[in-house]
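Here is what each chain is made of, one letter per residue.
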Amino acid sequence: MEEKLHPIMLAGTGSDVGKSVLAAALCRIFKQDGYSPAPFKAQNMALNSYATPDGLEIGRAQAVQAEAAGIPCCTDMNPLLLKPSSDHTSQVVLNGKPIGNRHAYDYFRTEGRDELRQEVHAAFDRLSKRFNPIVMEGAGSISEINLQDTDLVNMPMARYAGADVILVADIDRGGVFASAYGSIMLQKPEDKERIKGIIVNKFRGDIRLFEKGVKMMEEICGVPVLGVVPYFKDIHIEEEDSLSLDYKHLQAEQGKINVAVVLLRHLSNFTDFDRLEVDERVHLYYTNNVDELRKADIIIVPGSKSTLDDLFELRRNGVAQAILRAHREGKTVLGICGGFQILGREVLDPDGVEGSIHQLPGLGLLPTSTSMTGEKITRQVSFPFKGHEGLKGYEIHMGETKMLEQAEPFVVFPDGHTDGCFVNQKCMGTYIHGILDNDSFINYLLEPYLDKLDHSEIDYQAYKEEQYDKLAAHVRAHVDVQKLYEIMGR
């Protein structure tokens, strides 16, 4: 029987310091060392979500961490998910199911927090009975003292779980000493004692130049520095949120199949395109520039958290016309989820589910009409496509789409129900996220343009496993894992 370890929490000096990727690394390291780890984040705020095997919804980061741990994901790994729908409101997903939209002010008030706290505690308890150790992730900064009374995810959660806390500090953004020191000193005394180590993340340059800095940080913080992890670009791990889109390619490139993802204001589930990013045949870029869209061979209209608002913007900024022109010129247009809705003839929202816009004409490339009514659909799916069996993906969407005339569905599932709309190889739409993770569909999509190049396809699942192993090796090389095990009670 494996030795029971304390839960470990990676807490941050701020947002986007690399907690989720380091959590994935620890999940893979513990798995490699013979343990049975599982990830846990009590509350996640992200538009990037994923469907569990039992058809419920969690943050994509915890699904990635579960994959690194070699286990199926479940809602206990992320019992509370907030999906922003505006600057002030979010859809609240509890234990995988939406329970309504909440204004940020109302959500973060102390009244009514006990019920949510009990739910996330219960999820942790269920998870900790099945897995060892639990790799916990905090959210944002742990030093937001104005939110301490309502906090469900950082130090109060670590306190409940009896977790050892490792503070993750981002040296790339500057101010690493102040952020680490301040994050520790602003804690309550009992929480300060729980912080057992610091990992300095995203270091650039010669790591030997920071040896003196390590000693200084340990002296002022009174906590050991467990490692300084260099910034990496050659390891590909799915990102948690759209901050990473700022660093993606933004224009077409010669000598490859150019695939443009339309850069929507409310773009969601951008990890749909990670498989394309690593395909040597493809140059993938994100843009709402009409000239760059015209240079694309394939245009993908992605998922959206606010379809009508994005459709209105596409009409206003000329992107809708650019997509229609590309279609007329023989380019491929694919819509996924909200993008599928946008490519239809109309999108209706009579009940104001999304907001104040109740009806807009779509781009008219697909003979469909979408109404923003009904239950939220969340499920994993397996299906055939054009003679290939066993393709996999997942659905997370509001709205019901119907055909306005006789047309071929994108997919006919084994039980007979259908999805999407297929006009031809260069014009189609589907609700299925993850469709681009299937090699047979990728090859079908790229087939009209293969004469431009001569690169072979890749096994994406094997590629992802290789990336998790590379990430684990990178972290092992720069973090004192033995010291981490000692902290966790081995």
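Each remark here, short or long, concerns the structure printed above.
Bear in mind that the values here come from a model prediction, so they are computed numbers and not experimental data.

Let us now look at empty space enclosed by the protein. Rolling a probe over the atoms, with the probe sized like a water molecule, indicates the empty space that remains. Across all of its chains, the model carries two cavities of 30 Å³ or more by this definition. If you add up the space inside the largest cavity, you get close to 50 Å³. As for the largest cavity, its lining consists of H236, I237, E238, Y460, K464, Q467 and Y468. Split by residue class, the lining of the largest cavity holds three nonpolar, two polar and two charged. By volume, the second largest cavity amounts to about 30 Å³. As for the second largest cavity, its lining consists of S20, V21, A61, V64, Q65, I237 and E238. In terms of residue count, the dominant contributor to the lining of the second largest cavity is helix α2 (residues 60-69) (three residues).

The set of residues buried in helix α6 (residues 176-185) consists of V176, A180, S183 and I184. The arc enclosing the buried residues of α6, seen along the axis, measures out at 95°, which places them on a common side. Of the surrounding secondary structure, the elements contacted by the buried residues of α6 are β10 (164-170), α7 (189-192), β11 (195-203) and α8 (211-221).

Now for the packing of aromatic side chains. A ring pair, where both rings are aromatic, is described by two values, the distance of the centres and the angle of the planes. A full pass over the atoms with the stated rule returns 16 aromatic pairs. For the pair F273 and Y286, a centre-to-centre distance of 6.2 Å together with 80° between the ring planes defines the contact as edge-to-face. Remark: Y286 occurs in strand β15 (residues 282-287) and F273 occurs in the loop between β14 (267-268) and α9 (274-277); sequence separation between them is 13 residues. Classification of F273 by relative accessible area gives buried; the value is 0%. The exposure class of Y286 is buried, given its relative accessible area of 2%. Centroid distance Y460 to Y463: 6.2 Å. Interplanar angle 15°. Geometry classified as stacked. Of this pair, Y460 and Y463 both sit in helix α15 (residues 460-478), three residues apart, which is roughly one turn of the helix. Exposure remark for Y460: the relative accessible area of 3% places this residue in the buried category. Aromatic ring contacts, followed pair by pair, group F385, F410, F422, F441 and Y444 into a single cluster.

What counts and how
- Residues numbered from 1 in each chain as written.
- Predicted model: local features only at pLDDT ≥ 70, side-chain atom pairs only at ≥ 80, totals over all residues.
- Heavy atoms only, no water.
- 1 Å grid on protein atoms, 1.4 Å probe; cavity = no way out; pocket = protein on both sides within 12 Å on 5 of 7 lines; lining within 4 Å.
- Points joined across faces, edges and corners; volume = space filled by probe spheres on them.
- Nonpolar A, V, L, I, M, F, W, Y, C, P; charged D, E, K, R; others polar.
- Helix = DSSP H or I, 4+ residues; strand = E, 2+ residues; numbered from the N terminus.
- Buried < 20%, exposed > 50% of the residue type's maximum accessible area, 1.4 Å probe, protein only.
- Arc of directions from axis to C-beta.
- Contact = heavy atoms within 4.5 Å.
- Phe/Tyr/Trp six-rings, centres within 6.5 Å; stacked < 30°, edge-to-face > 60°.

Note that every value here comes from positions in space, so none of it alone points to a role or purpose.
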